[in-house]
Amino acid sequence: MSSQTKTNVDGVHSDVKVVERPPKERPYDLLLRFLGLSLTLVATIVVGVDNETKVISYAEMQFKATAKWEYMSAMVFFLVSNAIACSYAAASLVIAVMGKSSGSRKDDVTHLVVTALDLVVMALLFSANGAACAVGVIAQKGNSHVQWMKVCDVFDAYCRHVTAALVLSIIGSTVFLLLVLHSFLKLHYRSRS
C-alpha cells in the first residue's frame, strides 16, 4: 500500500490510498512447481526402491533372477532425469517463493533463466519417458524378431511399479510444459500492455 496526495479539479487535496494487487499468476506458478516437485519425487522413489526377485525354471534348470532399475540404461536415464527434475523443481520453487515481482531488470533476467530451464527440464523428462516407455513395451510384449522374451509376465509387480512411475513422470513433464506455456502467456500479455 502506498499513500499519495492527489489534486482534484477544484484544487482540493485528498489522501488516496492505492492498493496494489499481487500478481494473479504467482499462485498458479507455485502450484505447478509444487506439483512438478511432488510428481517427479514420487516417480523417482517408486523406481529407485523397486526390485523383484523370482526363481525361474528354464530347460530343467532353476536360477534366481532379479529385476532392478539399474540393469537397464533406459531406466537409469529415467530415474536420473526425474531426480534432476525434482531437484530443479525444488530450487525453482524456492526462487519463486523468495522472488519479488518488482519488475526490475534483475527479476526479468531471473524469470527468463527459470523459463529456459523449465523448457530444458521438460525436454529431459519427455525424452526419459519415451526411453522408459520403449523399454516397457518390449518388457510387456517382447520382440519375436530378435528373440527377446516377455519379462512382465514373470516380474509383474516390478512392471506395475515402473508403469505407475512412468504415468507420474508423464504427468510431471506435462506440468513443466504448462509452466513454460504459462511463462509465454505472461510474456505475451506483458508485451501487449
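Quick caveat, the model's predicted, so the values are computed rather than measured.

Novice: Explain the UniProt feature "transmembrane region" (unreviewed entry) in the chain residue by residue, including any values.
Specialist: Cross-referencing UniProt, the feature "transmembrane region" (unreviewed entry) maps to residues 30–49, 69–97, 109–139 and 164–185 in the present numbering. Within the segment residues 30–49, helix and strand shares are 100% and 0% respectively, and the terminal C-alpha atoms sit 28 Å apart. A distance of 45 Å separates the end C-alpha atoms of residues 109–139, which is 100% helix and 0% strand.

Novice: Can you lay out the pattern of salt bridges for me, pointing to particular residues and giving the numbers?
Specialist: In total, this model carries five salt bridges according to the counting rule given. Note that Asp156 is salt-bridged to Lys54, the shortest N-O span being 3.9 Å. With a gap of 102 residues between them, Asp156 in helix H4 (residues 156–192) and Lys54 in strand E3 (residues 51–58) connect regions that are remote in the sequence. Residue Asp156 is classed as partly exposed on the basis of its relative accessible area, which comes to 35%. Among the residues examined, Lys54 registers a relative accessible area of 30% and is labelled partly exposed. Salt bridges here are not isolated pairs; linked through shared partners, they connect Glu52, Lys54, Asp156 and Arg160.

Novice: Now, about the pairing of strand E4 (residues 61–68): what can you tell me, with residues and values included?
Specialist: Of the strand pairs in this sheet, E3 and E4 are connected by eight bridges, and their pairing is antiparallel. Along E4, the bridge assignment pairs Thr53 with Thr66. What sits between the antiparallel neighbours E3 and E4 is a turn of two residues, in which Ala59 has the positive phi angle 50°.

Novice: I'd like to hear about the packing of aromatic side chains, residue by residue, with values.
Specialist: Evaluated as defined, the whole model comprises one aromatic pair. When the centroid spacing of 6.3 Å and the interplanar angle of 40° are considered together, the rings of Tyr88 and Phe176 count as tilted. Taken as a pair, Tyr88 in helix H2 (residues 73–98) and Phe176 in helix H4 lie far apart in primary sequence, 88 residues in all. Overall, the relative accessible area of 13% leaves Tyr88 in the buried class.

Novice: Account for the state of the cysteines, naming residues and giving values.
Specialist: This model, assessed by the stated rule, comprises one disulfide. The disulfide bridge from Cys152 ends at Cys159, spanning 2.0 Å between sulfur atoms. Disulfide Cys152 to Cys159: torsion about the S-S bond roughly -90°, handedness left-handed. Here Cys152 falls in the buried class, since its relative accessible area comes to 9%.

Novice: Lay out unusual backbone geometry with the relevant residues and their values.
Specialist: Here the phi dihedral of Glu60 falls at roughly 60°; this positive angle occurs in a residue that is not glycine. Relative accessible area serves as the criterion here: at 87%, Glu60 is assigned to the exposed category. Even without being glycine, Gln147 reaches a positive phi, approximately 60°. Mapped onto the fold, Gln147 is located in the loop between helix H3 (105–141) and H4. A relative accessible area of 65% means that Gln147 is categorised as exposed.

Each value, and the rule that gives it
- Residues numbered from 1 in each chain as written.
- Predicted model: local features only at pLDDT ≥ 70, side-chain atom pairs only at ≥ 80, totals over all residues.
- Heavy atoms only, no water.
- UniProt positions renumbered as here; feature names shortened; annotations may be inferred.
- Helix = DSSP H or I, 4+ residues; strand = E, 2+ residues; numbered from the N terminus.
- Salt bridge = Lys/Arg side-chain N within 4 Å of Asp/Glu carboxyl O.
- Buried < 20%, exposed > 50% of the residue type's maximum accessible area, 1.4 Å probe, protein only.
- Pairing = 2+ DSSP bridges.
- Phe/Tyr/Trp six-rings, centres within 6.5 Å; stacked < 30°, edge-to-face > 60°.
- Disulfide = S-S within 2.5 Å.

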